[in-house]
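# Structure assessment
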Amino acid sequence: MAEILQYIPGSGLFHQLHPGTKILFIILVSIITILTTSIAVLIALLLVLFILALAGHLFKQVIQQMVLVVFMSVILYLITIVTVPEGTIVGYLIPSFIPAIGGNLPITIDALIVGTVLTLRFAILITAFQLFVISTQPRDLVHTMERAHIPADYTLMFVIALRFIPTLQMEGKRIHEAQLARGYHPGEGFIGRIKSVAPVMVPLVSNSLARATLLGLTIDIRGYRTRKRTSLRERKMGMTDKIAIPLMAAVAIAFAYSFVMVYLS
Amino acid sequence: MITLESVSYSYPRTGREAVSDLTLDLARGECVMICGHSGSGKTTLCLAAAGILEHEYGGKKAGRIVVAGKDVRDYRDLSDISSNVGILFDDPDSQLIFTTVEEEILSALERRGFSAEEVEERLARVLEITQLTSLKDRPPHALSGGQKQRVVLATTLALGTDILILDEPTSELDEQGTENIVSLLKDLKAQGKTILLVEHKYRKMADLVDRLVILEDGKIRNEGIPATVLEDEAARRILIPDFSGIRNGCVKKGGATPVIHTEGLTFSYGEGDALSEVSLDIYPGEFVAIVGENGSGKTTLVKHFIGLLRPGKGTVMVDGKNASTAPVATLAHSVGLVFQNPDHMFFADSVFDEVAFGVDNLGIPDREKVVSNALSSVRLSEARDLYPRWLSRGERQRLAIACVLAMQPAVLVLDEPTTGLDGSESREIIEILKQLQEKGHTIIMITHSREIAEECAARVVRMEHGRIISDICRGEGE
């Protein structure tokens, strides 16, 4: 089974970076991605991420995730086509040769541009976040966040969510099999689909909720809320960090400068 | 080391006492084993003794609990108590927070005020005694149930507390795994640790246990040294399952067509063969046990009978249908598969609706009668309007059987049907299976307990590394 967002042990570029540096990296990438509307900048950024993934020996994992991006991009394009009907029309979603309903839902250049920008943004954010998560040991992440005085509850919530993704995938599969053995067949049509979710989702959610109490007790017993941690196997900023941080600062300044310039003109 | 004085407790929003008037005293170095039916209050007793009820739960409390010479109310919080008491809950998955075995154990150690060197040293030692060193970089989802239990035990032992409270530490383990844990616990006891143990496998633990406590409806039914407790017939049946009179003779085949026929069945999940060259014929009306250690291919084999897995090589015929190609829904008319964990199937609001789900899916007529019959076969007629998840583990296991039974399959396959059940509950399940066999069903039971297999089934098929290594049919007949 494909593992979604799970830490992969390694020693590549991203593994060498301090979790703090990686958090700064994510913040920088997110800000640039959200503020810019230039397709060229976005493509360049995505390429940079791909090159970094390649350098960090994580390219395969990143490419696997692109299936999700393609799926999302189709939805994003459809939404923009429906919501941006003004502009130069290049075609119709429903071809005009179909009688009666043909020629509806015009596809405009503006819609295509917006769709492309959204897709690229989505791809960049997913890739950056994935690079961060699969190269960072959850323990290091918890420690870094603790240093930044973020309460353990929030960090653990995040770590536990990641940890349970594969467990829930597996459990979902088992429940699905158990229901198949009872002659369950996913229904037809929209209502049928919705109804057919219950036999799998109800046991999955009920079992997870039953687990939550024990999980909470375990966290308390280990002293996460109340006790100080022994300083142990600390991650130190290394050479890679010392190069990466000034580099990111330069990129941030350059971007801020050009952004302000564009804004002023 | 642990003293309970007239402890009673009711969970919030329930009128009923989960445990009532419990008085119990554990001396240093003593191992006390708690037994009883599912739902008799064993887990609640553990939570009480660990001070968890006092600090984390609402509900009605009475009595006094003293742990390591101090009233539990006088401890600051759970992490304070846990410096003296190591507790292990029964569901390993909910005690694994991190993504590798090593991180998990470190997380238990690094907030204890130990020095960095001491943390590293304890980590190495506990990995060694729990035989986890080679698994230290594995994520939890890549571990088997038994390995997860070992990791959770390691996090508990790492702290080196004098008191251990262990709630079913071997439920997911096979015979070999259980023996390893028992010998580990013996060592710990020899070091002077006090152990409160909830378990069903008394026969495996007899050497370890100093005193037995049998709970019934939240009260102590028996308490004393094993020899005394075992004198009581009912207590004995809880501790040591008695399957006498269950096993029938071998079924006469006499030229009958097998209801399940596999030939050269080979299957792989990716790396290595999970099943290789399995050829097996099972005849109508047989009671067959498939035994083997965890990972020997038992579950993989039976999933082929209902089309959840399709053979890589070889053939599987079920009731005259080709199970390599027939849809699962078609095969479900012939084979009913009851999975190990009943909680993987319950979603309806009442026991009746739960059973009716399969009946409706297959379009079986006379729904009301079919469901009622299935419920009465598993002795759950009274529970028909209850919410399935409120039932005890033993009742849920029986409900799972009813759900599949109501679909009227010729063959019933059960994966570890006695997990988490005491001796008399196990006997009840097996009795139900025997009655179904007498009504003409073919019964196939997967178990890793050699005792249960040999005492209950006329035919025992043993598997190892994806192969059948022996197939013995005993008693009259052929």
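Conventions used here
- Residues numbered from 1 in each chain as written.
- Chains lettered and ligands numbered in written order.
- Predicted model: local features only at pLDDT ≥ 70, side-chain atom pairs only at ≥ 80, totals over all residues.
- Pairing = 2+ DSSP bridges.
- Helix = DSSP H or I, 4+ residues; strand = E, 2+ residues; numbered from the N terminus.
- Contact = placed C-beta atoms within 7 Å.
- Axes fitted to C-alpha atoms, helices over the stretch in contact; angles between N-to-C directions.
- Nonpolar A, V, L, I, M, F, W, Y, C, P; charged D, E, K, R; others polar.
- Expected span 1.5 Å × (residues − 1).
- Buried ≥ 20, exposed ≤ 12 C-beta atoms within 10 Å, placed from the backbone.
- Core = buried A, V, L, I, M, F, W, Y, C linked by C-beta atoms within 7 Å.
- Domains from an automatic or database assignment.
- Parallel < 35°, antiparallel > 145°, perpendicular 65-115°, else oblique.
- Left-handed = near helix turned anticlockwise from the far one by under 90°.

### A short note on the sheet that holds strand E4 (residues 60-67) of chain B
Residues and elements named next belong to chain B. Here four strands make up an open sheet; going across it, the order is E2-E1-E4-E5 and the pairing antiparallel. Looking along the sheet, the strands with just one partner apiece sit at the ends: strand E2 (19-26) and strand E5 (70-71). When E4 meets E5, the two strands line up antiparallel, connected through two bridges. Within the sheet, the bridge partner assigned to Val 67 lies in E5 and is Lys 70. Sitting on the sheet, helix H1 (residues 42-49) touches strand E1 (2-10), E2 and E4, and the angle it makes with E1 is about 120°.

### Quick word on the interface of chain A and chain B
Of the residues lining the interface, 48 residues belong to chain A; the matching set on chain B comes to 49 residues. Secondary structure elements with two or more residues in the side of chain A that touches chain B: helix H6 (138-147), helix H7 (152-180) and helix H8 (189-221) of chain A. Per-element tally for the side of chain A that touches chain B: the top contributor is H8 of chain A, with 14 residues. Class assignment for the residues of the side of chain A that touches chain B results in 24 nonpolar, 13 polar and 11 charged.

### Quick word on the environment of Ile 79 of chain A
Assignment of secondary structure puts Ile 79 of chain A in helix H4 (residues 59-83). Put simply, Ile 79 of chain A and Ala 111 of chain A are 32 residues apart on the chain and 9.0 Å apart in space, counted from C-alpha to C-alpha.

### Considering helix H5 (residues 109-134) of chain A
Three or four residues apart is the spacing at which side chains of an α-helix point the same way, because the helix has 3.6 residues per turn. All names here are of chain A. For H5, built from 26 residues, the straight-helix expectation of 38 Å at 1.5 Å per residue is met to within 8% by its first-to-last C-alpha distance of 37 Å. Looking only at H5, the buried set comprises Ala 111, Val 114, Gly 115, Thr 119, Leu 120, Ala 123, Ile 124, Thr 127, Ala 128, Gln 130, Leu 131 and Ile 134. For H5, the secondary structure elements touched by its buried residues are helix H1 (13-16), helix H2 (19-35), helix H3 (39-55), H4 and strand E2 (106-108).

### Details of the sheet that holds strand E10 (residues 219-224) of chain B
All names here are of chain B. In space, the six strands of this open sheet follow the order E6-E7-E8-E3-E9-E10, with mixed pairing throughout. Each of the sheet's edge strands pairs with one partner strand only, and the pair in question is strand E6 (85-88) and E10. The average undirected angle you get between the axes of adjacent strands in this sheet is 15°. Here helix H6 (residues 145-157) sits on the sheet in contact with E6 and strand E7 (163-167), set at roughly 170° to E6.

### Some remarks on the nonpolar core
All names here are of chain B. Residues Met 33, Ile 34, Ala 48, Ala 49, Ile 165 and Leu 196 are the most contacted members of the largest nonpolar core, which totals 86 residues. Discounting chain neighbours no more than four positions away, the residues touching Ile 165 are Cys 46, Ala 49, Ala 50, Val 85, Ile 87 and Leu 196. Listed in part, the 79 residues of the second largest apolar core include Ile 282, Val 302, Val 318 and Ile 446.

### Let's talk about unusual backbone geometry
Leaving glycine out, the prevailing phi sign among residues is negative, and the prevailing peptide bond configuration is trans. Residues and elements named next belong to chain B. Its identity is not glycine, yet Asp 21 carries a phi of approximately 55°, on the positive side. For Asp 21, the position within the fold is in strand E2. A count of 15 C-beta atoms within 10 Å places Asp 21 in the partly exposed class. For Asp 217, which is not glycine, the phi torsion reads 50° and is therefore positive.

### Side note on the domain arrangement of chain B
Residues and elements named next belong to chain B. Its domain assignment divides chain B into domain 1 (2-239) and domain 2 (260-473). The distance between the C-alpha centroids of domain 1 and domain 2 comes to 32 Å. Listed by partner, the interface residues are 15 residues for domain 1 and 16 residues for domain 2. In terms of residue count, the dominant contributor to the side of domain 1 that touches domain 2 is helix H10 (residues 233-239) (three residues). By residue class, the composition of the side of domain 1 that touches domain 2 is three nonpolar, nine polar and three charged.

### Quick notes on the domain arrangement of chain A
Residue and element names in this part refer to chain A. Taken domain by domain, chain A consists of domain 1 (1-136 + 233-260) and domain 2 (138-229). Using C-alpha coordinates to define each centre, domain 1 is positioned 27 Å away from domain 2. When the residues that make up the side of domain 1 that touches domain 2 are grouped by side-chain class, the tally is six nonpolar, three polar and two charged.

### A few points about the environment of Leu 46 of chain A
Residue and element names in this part refer to chain A. Within the secondary structure layout, Leu 46 lies in helix H3. When the 18 C-beta atoms within 10 Å are taken as the criterion, Leu 46 is described as partly exposed. Between the C-alpha atom of Leu 46 and that of Ile 124, which follows or precedes it by 78 residues, the distance is 5.5 Å. Ignoring sequence-local partners within four residues, the contact set of Leu 46 consists of Leu 120, Ala 123 and Ile 124.

### Some points on the packing of helix H13 (residues 351-362) of chain B against helix H14 (residues 367-377) of chain B
When two helices pack together, you describe them by how their axes are tilted relative to each other and by the distance separating the axes. All names here are of chain B. Between H13 and H14, whose axes approach to 10 Å, the crossing angle comes to 120°. As the angle between them shows, H13 and H14 are arranged oblique. Between H13 and H14 lies a crossing whose hand is right-handed. Residues Phe 352, Val 355, Ala 356, Val 359 and Asp 360 of H13 form the contact with H14, whose participating residues are Arg 367, Val 370, Val 371, Ala 374 and Leu 375. Taken together, the residues of the contact of H13 with H14 sort by class into eight nonpolar, no polar and two charged.

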